[in-house]
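Fold and contact review
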Protein chains: 4
Amino acid sequence: MNLFDPLFRWPVITNLFTDEALLQSMLDFEAALARAELAAGIVPASAVSAITSKCRAELFDRNQLGKAAALAGNLAITLVKQLKSLVAAENKDAANFVHWGATSQDVIDTATILQLQRAFALIAKEIAHLSDSLATLANKHRATPIVGRTWMQHAVPTTLGFKFAASLDALNRHSERLRETEKRCLVLQFGGAVGTLAALGTRGQVVAKALSDELKLPQPQVPWHSHRDRIAEVATNLGLLTGTLGKIAHDIALHSQTEIDELREPAEEGRGGSSTMPHKQNPVACAATLSAAARVPGLVSTMLTAMLQEDERGLGNWHAEWETLPEIVTLSAGALHHLTDLIPHLEINSDRMLKNLELTNGLIYSEALTAALASKIGHSEARSRVDAATQQAAKEHHHLRTIIEQDKYLAHHLSTAELDQLFDPGHYTGMANVFIDQVLAQHQSQKSAHPKK
Amino acid sequence: MNLFDPLFRWPVITNLFTDEALLQSMLDFEAALARAELAAGIVPASAVSAITSKCRAELFDRNQLGKAAALAGNLAITLVKQLKSLVAAENKDAANFVHWGATSQDVIDTATILQLQRAFALIAKEIAHLSDSLATLANKHRATPIVGRTWMQHAVPTTLGFKFAASLDALNRHSERLRETEKRCLVLQFGGAVGTLAALGTRGQVVAKALSDELKLPQPQVPWHSHRDRIAEVATNLGLLTGTLGKIAHDIALHSQTEIDELREPAEEGRGGSSTMPHKQNPVACAATLSAAARVPGLVSTMLTAMLQEDERGLGNWHAEWETLPEIVTLSAGALHHLTDLIPHLEINSDRMLKNLELTNGLIYSEALTAALASKIGHSEARSRVDAATQQAAKEHHHLRTIIEQDKYLAHHLSTAELDQLFDPGHYTGMANVFIDQVLAQHQSQKSAHPKK
Amino acid sequence: MNLFDPLFRWPVITNLFTDEALLQSMLDFEAALARAELAAGIVPASAVSAITSKCRAELFDRNQLGKAAALAGNLAITLVKQLKSLVAAENKDAANFVHWGATSQDVIDTATILQLQRAFALIAKEIAHLSDSLATLANKHRATPIVGRTWMQHAVPTTLGFKFAASLDALNRHSERLRETEKRCLVLQFGGAVGTLAALGTRGQVVAKALSDELKLPQPQVPWHSHRDRIAEVATNLGLLTGTLGKIAHDIALHSQTEIDELREPAEEGRGGSSTMPHKQNPVACAATLSAAARVPGLVSTMLTAMLQEDERGLGNWHAEWETLPEIVTLSAGALHHLTDLIPHLEINSDRMLKNLELTNGLIYSEALTAALASKIGHSEARSRVDAATQQAAKEHHHLRTIIEQDKYLAHHLSTAELDQLFDPGHYTGMANVFIDQVLAQHQSQKSAHPKK
Amino acid sequence: MNLFDPLFRWPVITNLFTDEALLQSMLDFEAALARAELAAGIVPASAVSAITSKCRAELFDRNQLGKAAALAGNLAITLVKQLKSLVAAENKDAANFVHWGATSQDVIDTATILQLQRAFALIAKEIAHLSDSLATLANKHRATPIVGRTWMQHAVPTTLGFKFAASLDALNRHSERLRETEKRCLVLQFGGAVGTLAALGTRGQVVAKALSDELKLPQPQVPWHSHRDRIAEVATNLGLLTGTLGKIAHDIALHSQTEIDELREPAEEGRGGSSTMPHKQNPVACAATLSAAARVPGLVSTMLTAMLQEDERGLGNWHAEWETLPEIVTLSAGALHHLTDLIPHLEINSDRMLKNLELTNGLIYSEALTAALASKIGHSEARSRVDAATQQAAKEHHHLRTIIEQDKYLAHHLSTAELDQLFDPGHYTGMANVFIDQVLAQHQSQKSAHPKK
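Notes on the structure follow. Remember, predicted model here, so these are calculated numbers, not experimental data.

This brings us to the pairing of strand 1 (residues 145–150) of chain B. Residue and element names in this part refer to chain B. Most of strand 1 is tucked away: six of the six residues are buried. Pairing geometry for strand 1 and strand 2 (residues 153–159), over five bridges, is antiparallel. By the bridge assignment, Val 147 is partnered in strand 2 with Pro 157. Counting the residues in the hairpin turn of strand 1 and strand 2 gives two residues, including Trp 151, whose phi is positive at 55°.

Let us now look at the relation of the copies chain B and chain C. Two chain copies here: they are related by a rotation about an axis and a translation along the same axis. Once chain B is rotated about the relating axis by 180° and shifted along it by 0.0 Å, it coincides with chain C to within an RMSD of 0.0 Å. Here the transformation between the copies is reduced to the relation of a two-fold axis. Residue Gly 298 of chain B, judged by its C-alpha, is the member of chain B lying nearest the rotation axis, at 2.0 Å. The overlap is high: 100% of the interface residues of chain B also sit at the interface in chain C, so the same surface is used on both sides.

Looking now at the relation of the copies chain C and chain D. Overlaying chain C on chain D yields an RMSD of 0.0 Å, the required transformation being a rotation through 180° with an accompanying axial translation of 0.0 Å. Same-surface contact between copies: 100% of interface residues of chain C are shared with the interface of chain D.

Counting 647 residues, the largest nonpolar core has Phe 190 of chain A, Phe 190 of chain B, Phe 190 of chain C together with Phe 190 of chain D as the members making the most contacts within it. With near-sequence residues (within four places) excluded, Phe 190 of chain A lies in contact with Phe 29, Leu 33, Gly 101, Ala 102, Asp 106, Leu 197, Leu 200, Val 207, Ala 208, Leu 211 and Pro 223 of chain A.

Residues and elements named next belong to chain C. Axis separation between helix 3 (residues 19–39) and helix 4 (residues 45–54) bottoms out at 9 Å; the angle between their running directions is 170°. Taken together, helix 3 and helix 4 sit at an angle that is classed as roughly antiparallel. Only Ala 45, Val 48, Ile 51 and Thr 52 of helix 4 make contact with helix 3, whose side of the interface consists of Glu 30, Ala 31, Ala 34, Arg 35 and Leu 38. Classifying every residue of the contact of helix 3 with helix 4 gives six nonpolar, one polar and two charged.

With 95 residues of chain C at the interface, the matching set in chain D holds 95 residues. Carbon and sulfur atoms supply 62% of the area buried between chain C and chain D, which totals about 8100 Å² over both sides. Among the residues chain C hides against chain D, the three largest losses belong to Trp 151, Gln 221 and His 227 of chain C. Together they make up 10% of the total. Across the contact surface, chain C and chain D share 14 salt bridges. Among the salt bridges present, the one from Asp 229 of chain C reaches Arg 173 of chain D, with a minimum N-O distance of 2.6 Å. Linking chain C with chain D are 38 residue pairs in polar contact (both at pLDDT 80 or more). Residue composition of the side of chain C that touches chain D, grouped by class: 40 nonpolar, 36 polar and 19 charged.

Next up on the list: unusual backbone geometry. Despite not being glycine, His 397 of chain A has its phi angle at roughly 55°, a positive value. On the secondary structure map, His 397 of chain A appears in the loop between helix 16 (379–396) and helix 17 (400–406). With relative accessibility at 65%, the residue His 397 of chain A sits in the exposed group. Of note in the backbone geometry, His 99 of chain B takes a positive phi value of approximately 70° without being a glycine. Here His 99 of chain B is to be found in the loop between helix 7 (92–97) and helix 8 (104–140). Here His 99 of chain B falls in the buried class, since its relative accessible area comes to 5%.

Conventions and cut-offs
- Residues numbered from 1 in each chain as written.
- Chains lettered and ligands numbered in written order.
- Predicted model: local features only at pLDDT ≥ 70, side-chain atom pairs only at ≥ 80, totals over all residues.
- Heavy atoms only, no water.
- Buried < 20%, exposed > 50% of the residue type's maximum accessible area, 1.4 Å probe, protein only.
- Helix = DSSP H or I, 4+ residues; strand = E, 2+ residues; numbered from the N terminus.
- Pairing = 2+ DSSP bridges.
- Least-squares fit on C-alpha atoms with pLDDT ≥ 70 in both.
- Contact = heavy atoms within 4.5 Å.
- Core = buried A, V, L, I, M, F, W, Y, C linked by side-chain atoms within 4.5 Å.
- Axes fitted to C-alpha atoms, helices over the stretch in contact; angles between N-to-C directions.
- Parallel < 35°, antiparallel > 145°, perpendicular 65-115°, else oblique.
- Nonpolar A, V, L, I, M, F, W, Y, C, P; charged D, E, K, R; others polar.
- Buried area = accessible area lost by both parts, 1.4 Å probe.
- Salt bridge = Lys/Arg side-chain N within 4 Å of Asp/Glu carboxyl O.
- Polar contact = N/O pair within 3.5 Å; in protein donor to acceptor, adjacent residues only side chain to side chain.

Next comes the structure, spelled out in structure tokens:
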């Protein structure tokens, strides 16, 4: 564990991307390959058991592997060499069959895919939890009025439920994207030196099929050593997810500002305090999520740049993926986990939301007023009269309703009942409920179609 | 047209993203909105015809619009104002109904979507053309031997057809991705000030439906003003496409190097010459494509960073998209068009491919040799003997076959017929044909499922 | 002018980077080269006058240049060809001497440097103006209390002048950086085909010196065709500048939020209004600046990626610079110009600043209180008592001072005079004035050392 | 040590950025602060010794720190709390004085600066070593002919020494940049909660001065908590350095291609081999360097994006720096170390360079020929005759010299002696030696001005 992992990452995902986990995934490939080649009649059963018995990460010396990889340029060469030694110590012949017909990149890429597969399952479940929380809040707060803000200024009222629904809607798309990516991209890599499986002669196809079965990884149409769109798509789709999470965290942080104070991360012993200011309550989950949102875009651009891999297997750009992709996965999953934890416990101050709606002395209702008047006196007349009234209200520090009531012309067109409604914070919400229902319905339909195990 | 457009961009796509095209798309929205509100009983027919008659980009003063937008922070406000003036000059009442119930971002986002929709249709067709060319070459060159290279070094032989098939396979995935993006992301934006369509009261839903029909754009579950994953997905998926195109161009440029000379861009009057060196033939299409591949990743990262848009509609990050997204579309389409043009006319020098296979005095066949020997004398014995033979061959500058033939032990295990085969450049290609067939079959199946109109 | 230029860019800078300006800079190079070669005895005087008379951008057909550049991969080849035709029409012999000994990249790079040189002069002056405005405000508002905010939460009081001084301090560094860049990076490019000036034989050095004098551009130690750190440094240092401008704009936007309302962009006809909401006053200069801050980092990463240019002159990555660098210059200069315009007219609401200081019922003074008490009762006793008091104040919605006064122990240690001071918003500002003075002094010293002409 | 550290990083730099090293740097700050406050009469001597005795990283529980930091959002709060406990166990009063007057960011930022300072010293020395190697090779190979290549095509001859000199020239600039950065950016951070040092009352200045002396870090004009241009400049300047290193590695990799074979990484046991291909010799140092060059640009863009830190101390973007900046430092230093190791041992195959010069049957001398003829028959006549000759040579597969000699007109203008010279690979190198000398002189002058200790 690195010092910042608990803050920025989600332990169950971090654990999938430790050095040990990577080595074990690589060794899982080697063991599966041996079994697959047993099935294909290449490797004898005795060798397979000798090999698989040594495919355990704890048998390997990580420091030595790291140093040897620095010379070899590649972890697989080194690992295979150590594995051969371990196997040879027990069964000299068996050592000959280690890694048979495979190339370094087969091991490394497939190991990565295995790690990603596990990570995707956890991420999908976590998105499902976050989505459920948002669905609950969207429904619960469908009638909770809150200031709608545009360009960081008060615009017109909306509802808190509508805001949650819009976030849920984005998450519904992310779930769909990640399902597509999983299907298209998380496939076996197995091609030998230049992708043709030539070292296996006529038995390449049989071994590939058996290996795919062993690892429960679909076979691609053709090995993809230097076509990295699959790996890069994992990065871009997690990048999109992180963008949405960042947007949600950014909004929470804005709503948590002392002057706005509509939302807060829950207080908790040791959480969000200051080293010197007793009254501080810092939004820590937002900080971690925003940090991920600031970091992932640059990492995604690296993955896109690194797609230019030469010929059959590339130089340098492949290497550039090795640490970058795990960074993207662990940071995006960390942000996801932070918000999944936070959202159900978000402190929601609906009283303050009402107070903030009143901050502008009714000016926030000016569009509603214009719309109501427009149907009676035409839009441009309505707009110019409401403009004048809002300016007067702002200048004289009076409530807009007072100005309207004192203006004979306007008061004539708007009854008290109409004014009550126009200045009711919960009134001017248009299709908010319809939209919320549409989003909730889609969420339900996705849940039914793709139940989490 | 800007000076560099013809080099970096594809004219038919550039034309979709000119200032005029943007304005016309925005005006198309305004006209469609008026018609939709006629259907909803909000706008009288006379006003609709007055409005739609003015929704023509050539009636607007672009310079004035640009300057006013600099004050307003937004093109829509300014455009709507000019449109109202134009309409009012003809029909004062009609001017009241311009832009009714919509917000600036509804116009701008929907106009962008309309532009993207047209661009996607052209891009999909171009990918189809490029894919067909690759399919033809994959099939035609399935038996053309070429050096397989890894880490920019000779590895083992492969076939040129296999290389084309691997590129086609990636393009098959890009076609699929862009179809998914089109379906998920190219939808109507229509929500009014904060997304609730409140200004349209109870008629929001009817207008939204009619507008969606008018523009032939699907309705989303909820407006997506500040949830930009749709727009960002357009960027990421074009980013992935550009990565693949860059990989292809990078490989062509490498193969065009004077010393390798296996592939060349076609010579053409005025194409790729040098201002001072008569013998130069520069790979211009590769240069343009590589340039796009260098530029798009950074632009994609901007789109991801810009996803953090505040509350109901954001400040600054929305603005960051306006020029960035068209850059991504025009650059990626430009790269696509360059390669689509180039690939069918690529000069393929298969004689040189054969010569290059011989450059290492047979060392390129050492893996094949090891594999053949391994089945007879065990892998580790085979590897150590072949290692020794390759070192001797390299040191003494003899052909590897000579060394083998002079080594009694090895010569004993390998007959002349076997050696003929092992040193045949077309022999050691494993499953290359199977892989090619699988890719071609998938290409065909995608074509049938998604015929281009 | 493009539609978004007035919003995102500064016209005087945009004008330096138009197609016409680029062509003229390239032609300026060709004319200067002819004159330099006259001095070196290579080109006869008659040819020089024939050449220089045609080096006027308006004589060239931009559309044709663009299209020919798409074939040639390079604008210079095409331009030189047109220039030769124009010269030949008048003086056939003279045409032979056009572009003598230079390579395309000499023209294009030097033209870029000439454009940058002009841009740097304007940017330096604009930074000087912005710095002066910040200096004035730092001094004027050195005693204007405002909430200091950390992690987007109230922390302890500070002064508005201190905030301006911190921004000025950053700008002082940017001025210094850009001076260093100008000196190190804005130098002549002149090397011929591979940088050796071989085509000029023994006269290369003389021509290079004369050309440097003609263009008033320093000579580098060696041509830098494929070593792009100079060009990339222009990008990174403007990137740093844009980051600071974005930080300033971000803060202004935060302070302009309806609930905070401490700062505002000035109201102006047509500025920052909404298409539907009469009361909206959007921070347009902030939007444009934030947009630049979101875009420039990705563009900078492109420039860094593009540094990998092959051998003597690169393929593709050089091309990637052509539109990217002007984007960076015009966007960063646009942001600079927006803030330079805005800062002197920023509406400063110091009453509201005082009110916001009171929003937490005195909690903002808790650190001051702790510090004062710590010197009497020890820090940990002080902290735990102030913690308790702040919690009580928060819970009971009382002012912290009331709680303190009601607590016998605490009241015993703090006199009324001390409490008056501790709860005085202008009191707890530590070294703010010293820091302001240090920054102002450095600003003055830089101004004296580098007077703007 | 992580598994990939030895491949991608330089151990002495990695060691500066371990968790332990970070904690120790933070504790160094706390100890220095206590001593500084002793000097200022704030903290008693007994407390200082109690505090400093506990400021040893090995006394702290890293796991617990990591987990607590995840709650606190910040490592300093947690560390200070543990430090207080440790101190209190020995001296209860002393615990009160821990971290007195400082804020979390003071500790974290200054610790980072201390780490950077050590890294910069090592990097400067390593650049000096690399520069010396390049200088030696530039001088040694000033007469070694090699193909000059542009757009990845043969252009005209140059010398290997010239190529090394151009790289040295870039490194000279990098040395200068990093010295500037060190001076401008590696300064103390000490401002307390909002930068005013208010908690220290009137003694802030004295403590700041003493702390600056203790840590041997210059004082800034004003604390820079939320103005991150200093930190970001470290990133951009290392980004520029990495770009140059990537360019050098890219060139070596290109020259190492089997068909070109002019340069090679040295063979070494375990270095660059293949898991299956006995003849492979992969350029591992290039791979690692290119990987850094692919990764750093995206990380730099993150640092620029993260400059937008709110108000007095920011939320999320500050956090984004914590892991990103060490990545940039360790990756760029790793690339630097790889090349510093490699360059003196680079295998240089000058025979092959000569052979490659002959690959085009003399076409590479066509510019020289044109230049020589131009002085006799005018440039345009010369160019068109040489064009014809090169085309004939290419078509008929004859050497260009043969064509020339068989052409009466041309043979008439060029004597045998002239032709000998024109087709001499070492002849057409223009000012190469002058440029080399200029670069070497500047290198010497920088060495004298800035001797490494």
